[in-house]
Amino acid sequence: MSFESVNSVVMYELHKARRVLAALEKQEQDLLDQLRGVQSATQAQRAQVEELIRQLPRTPIGRLPNELLIRIFKLSLDAALEADNTRAPHRHLSRMQGLAAVSRHWRDVILHSPSIWTTVLVTPDHGAIPVKVHLHRSSQLVLDIEFHSWDSFHLAHMDLLEDLLTMLVLHAHRWRSLAILDDVAARYLSVILVRLQRVTFPSLTQIYIHDLAILSADSPFEDPTLPVFLRPGTCPRLKHLRLVNPDIADTEEFRVPSSVTGVNVEFDYDFSSEEQPWIPSFFDSLSCLQLTSLTLAGGFDISEYHFPPNSIQLPLLGKFVCKVTNTRALVQAIAAPSLSHMECYPNIWGYPPQNNFTGLEFKFACVHRLILFDFYPVRIGWDSRETKEICLAFPNIRHLILSNSDAVVMLHPDVAVHWQHLESLTIHTTAKDSSGFLHDLLLWLKRRSDMNGPTIRLTFKGSMNGPTISSSYEALREICILEWSDVIYHPEVTIRGTVSSRPWLETLEVSDPFPNFLSRSRNTTNIMSVGPLTPRVEYLYICARCASGRT
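Draft legend 1. Fine view of the overall build of the protein. In terms of regular secondary structure, the protein is built from 13 helices and 24 strands. Expressed as a percentage of the 551 residues in the protein, the buried residues total 43%. Taking contacts inside the protein between residues at least 6 apart in sequence as the whole, the part at least 24 apart equals 70%. Carbon and sulfur atoms provide 54% of the accessible area of the protein, an area that totals close to 29400 Å².

Draft legend 2. The packing of aromatic side chains, seen in detail. Applying the stated criterion to the full structure yields 14 aromatic pairs. With centroids separated by 5.9 Å and ring planes inclined at 65 degrees, the aromatic side chains of Phe254 and Trp278 adopt a geometry described as edge-to-face. Here the residue Phe254 occupies a position in the loop between strand E7 (240-244) and strand E8 (262-270), and Trp278 occupies one in the loop between E8 and helix H8 (279-287), the gap between them amounting to 24 residues. Taken together, a centroid distance of 5.7 Å and an interplanar angle of 65 degrees make the contact between Phe283 and Phe307 edge-to-face. With Phe283 in helix H8 and Phe307 in the loop between strand E9 (293-299) and strand E10 (312-313), this residue pair connects regions lying 24 residues apart in the sequence. Judged by its relative accessible area of 2%, Phe283 is buried. Three or more aromatic residues link up through ring pairs in this structure, and these residues are Phe254, Phe267, Trp278, Phe282, Phe283 and Phe307. A cation over a ring is seen here: Lys323 above Tyr345, with NZ or CZ 4.7 Å from the ring centre.

Draft legend 3. Up close: the pairing of strand E16 (residues 424-429). Within E16, five of the six residues are buried, which leaves it mostly tucked inside the rest of the structure. Strand direction decides the pairing type here: strand E15 (residues 399-403) and E16, joined by five bridges, are parallel. Paired with Leu400 across the strands is Leu425, a residue of E16.

Draft legend 4. Geometry of the pattern of salt bridges. This structure, assessed with the given rule, holds seven salt bridges. Of the charged contacts, one joins Arg255 and Asp284 as a salt bridge, the two residues approaching to 2.7 Å between their closest N and O atoms. Here Arg255 is found in the loop between E7 and E8, whereas its partner Asp284 is found in helix H8, with 29 residues between them in sequence. For Arg255, a relative accessible area of 36% puts it in the partly exposed group. Look at Asp284 and you get partly exposed, because its relative accessible area is 39%. The shortest N-O distance in the salt bridge between Glu423 and Arg398 comes to 3.1 Å. One end of the pair, Glu423, is in the loop between helix H11 (404-410) and E16; the other, Arg398, is in the loop between helix H10 (384-393) and E15, and 25 residues separate them in sequence. Given a relative accessible area of 37%, Glu423 falls into the partly exposed group. A relative accessible area of 29% places Arg398 in the partly exposed class.

Draft legend 5. Focus on the confidence of the model for the protein. Chain-level statistics for the protein give a pLDDT mean of 79 and a share of 77% at 70 or above. The lowest-confidence element of the protein is strand E21 (residues 526-530), averaging 37 in pLDDT; the highest-confidence one is strand E5 (residues 175-180), averaging 95. Confidence drops under a pLDDT of 50 for residues 217-224, and excluding neighbours within four residues, the segment shows five contacts in the predicted structure. When the criterion is pLDDT under 50, residues 502-549 qualifies, and its contacts beyond four places in sequence or with other chains add up to 97 contacts.

Draft legend 6. Spatial organisation of the packing of helix H2 (residues 66-81) against helix H4 (residues 104-111). As a packed pair, H2 and H4 sit with axes 11 Å apart at the nearest point and diverge in direction by 80 degrees. Here H2 is positioned roughly perpendicular relative to H4, judged by the angle of their axes. Contacts from Asn66, Leu69, Ile70 and Phe73 in H2 reach His105, Trp106, Val109 and Ile110 in H4. Among the residues making up the contact of H2 with H4, the classes are represented as six nonpolar, two polar and no charged.

Reading guide: rules and limits
- Residues numbered from 1 in each chain as written.
- Predicted model: local features only at pLDDT ≥ 70, side-chain atom pairs only at ≥ 80, totals over all residues.
- Heavy atoms only, no water.
- Helix = DSSP H or I, 4+ residues; strand = E, 2+ residues; numbered from the N terminus.
- Buried < 20%, exposed > 50% of the residue type's maximum accessible area, 1.4 Å probe, protein only.
- Contact = heavy atoms within 4.5 Å.
- Areas by Shrake-Rupley, 256 points an atom, 1.4 Å probe, with all protein chains shown as cover.
- Phe/Tyr/Trp six-rings, centres within 6.5 Å; stacked < 30°, edge-to-face > 60°.
- Lys NZ or Arg CZ within 6 Å of the ring centre and 35° of its normal.
- Pairing = 2+ DSSP bridges.
- Salt bridge = Lys/Arg side-chain N within 4 Å of Asp/Glu carboxyl O.
- pLDDT = per-residue confidence, 0-100.
- Axes fitted to C-alpha atoms, helices over the stretch in contact; angles between N-to-C directions.
- Parallel < 35°, antiparallel > 145°, perpendicular 65-115°, else oblique.
- Nonpolar A, V, L, I, M, F, W, Y, C, P; charged D, E, K, R; others polar.

Structure (C-alpha cells):
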C-alpha cells in the first residue's frame, strides 16, 4: 500500500475519533451541568428541611444546652446511688442505661461527656469491665472512687479485687475522693489499705472510711505503719476526713493531717476512760489545723484529760456538730470565735441530762444557727433559769431548730425577751405529743409580738396531730409566718354508719379530713362504702402527707 493510501486511512480514523471525543465531551459537560443543578437543588432542599425542623415545637428539655443536660444527668445519677439512706451502686448503672436509651442525642451526650463517668463504683457484682469503661471515658478528669458490697468472702472476689486495685492505682494521680463503706468486710479492707500503702495521691481531697484500723507503734501483731491517708506528704491536698468507727482504742497517737479543713469522727459505741489515750494528740492536732468544720459523735469523754477552758483553739471553725458523751467538757474546752453554726445532741447516749451551757455567757456570740436535740429537760425539772443560760451562751441566734420535747421548755414565755434577732424557728414534731408544746409556743410568740419583735418564720416538720394543730392554726397564722415542710398530718375522722337496704354493706359519712391549711381544701362530705364494721370501731385515722408550703 502506498504512502498516500495509508495516510488517507489514518486521517479518516483520526477525524472519526475526534468526532466521537467531541460528542463525549459535550455529553460530559451536559452531565456536569446536570450534576451541579442536582447539587444546588439538594442544598436548597436540605436548607428547607433544616429550617422546617427548627420550626417544629421542642420540649423544654430538648432546648437545653448540653452543659445543663449534663448537669441534670449527674444529679440524677447521684440520686440513684441513694436508697433509704444507704448507697445503692446497682441503681447507678441501671439509671445511666435508662437515660442513654431515651434518645440518640441523650446517648451521645452521655457517651461523650467525661464528667458523667468520674464516679467509679468498685463492687464484686459488676466485675472489671465497668471500671475499665469509667477510667477510659472519664478522660483525664479527677475520679471519685467508692468501694461497695465486699461483705462476703470468696476467693474469686479476692482475685478480682487485686485486679481492680492494679487498674485503679495506675490512675492514683486522678483520685479526688475515696469512700470505703461499711459493707466492706475487714479482710477486703486490709487488702485495699495494704495495696495503697506506698502510693501517693496528689489530687485526693476527701476520705470517708468505715472501720479504719489505726495501730499503735508497739503492736506485735500488725504492721505499725500509719494508714497512708494519715501520713504527711502522701495526700498534700486532703481537705475532708471522715472516719466512722475507727479502731483506735490502743493508739496513743492519732493526729489529723495539717491540710485538713473538715473533720468528722463518729463512733457507735462507748469507750471506757482507759481506752482513750489518743485524745490528747487528736485535739492537739486539731488546734494546729485551719479547721472550718468539726463533727464529733460517740461515747468518748474528754473530761478525764482535764482540758482547761478555751484550751482547744479553733480560730477558723465555722460549723460544730457535737454528739458526744460529755458535751459540757467539750464545749468548755473549745474556743471558736468564728463559729456560726452549732448542733448539739447532748443526751444521745442516754447519760444523765444536764445544762451543758451553764456559766458560758456570750461564749458563742457569733453563732447564728443553733440546733438543739435530745435534752430531755422535763426529766431534770428544767425551768426558765436553765433556758436563760442557753440564751445567754448563744445571744445572737437567728435560726433555731428544736424537737418539740425540747421546745416545751426552750420556748418558755419567761425568756421570750431573749433572741431578739431570731428570724426562723423550725420544730420537729411527733403526733403523739404535738399537743404538749403548742400552748406554750403560742404564749412565747405572743409575748414576743407584744414586745414588737420581728415576725418569725415558723416551720413544722414531722407528724402533726389533727385536732391539736387545727385548733391552733388560726392563732399561729396571726403572729408568725407559718410553713410546713414534709409534714405527715394525722387527722381524726369520725365514722357514722347509716341504714342500708343491703345488710352486707354499710355506708359511712366521713367529714373532710383535709382542713383549710392543707393544699387541697374541700367542704363536701365524703361517702365511703365498706363492709360490716365491728361495733367496737369508734374512729378512724387517715394519714395525709402535706408537701412543703406556706400559709
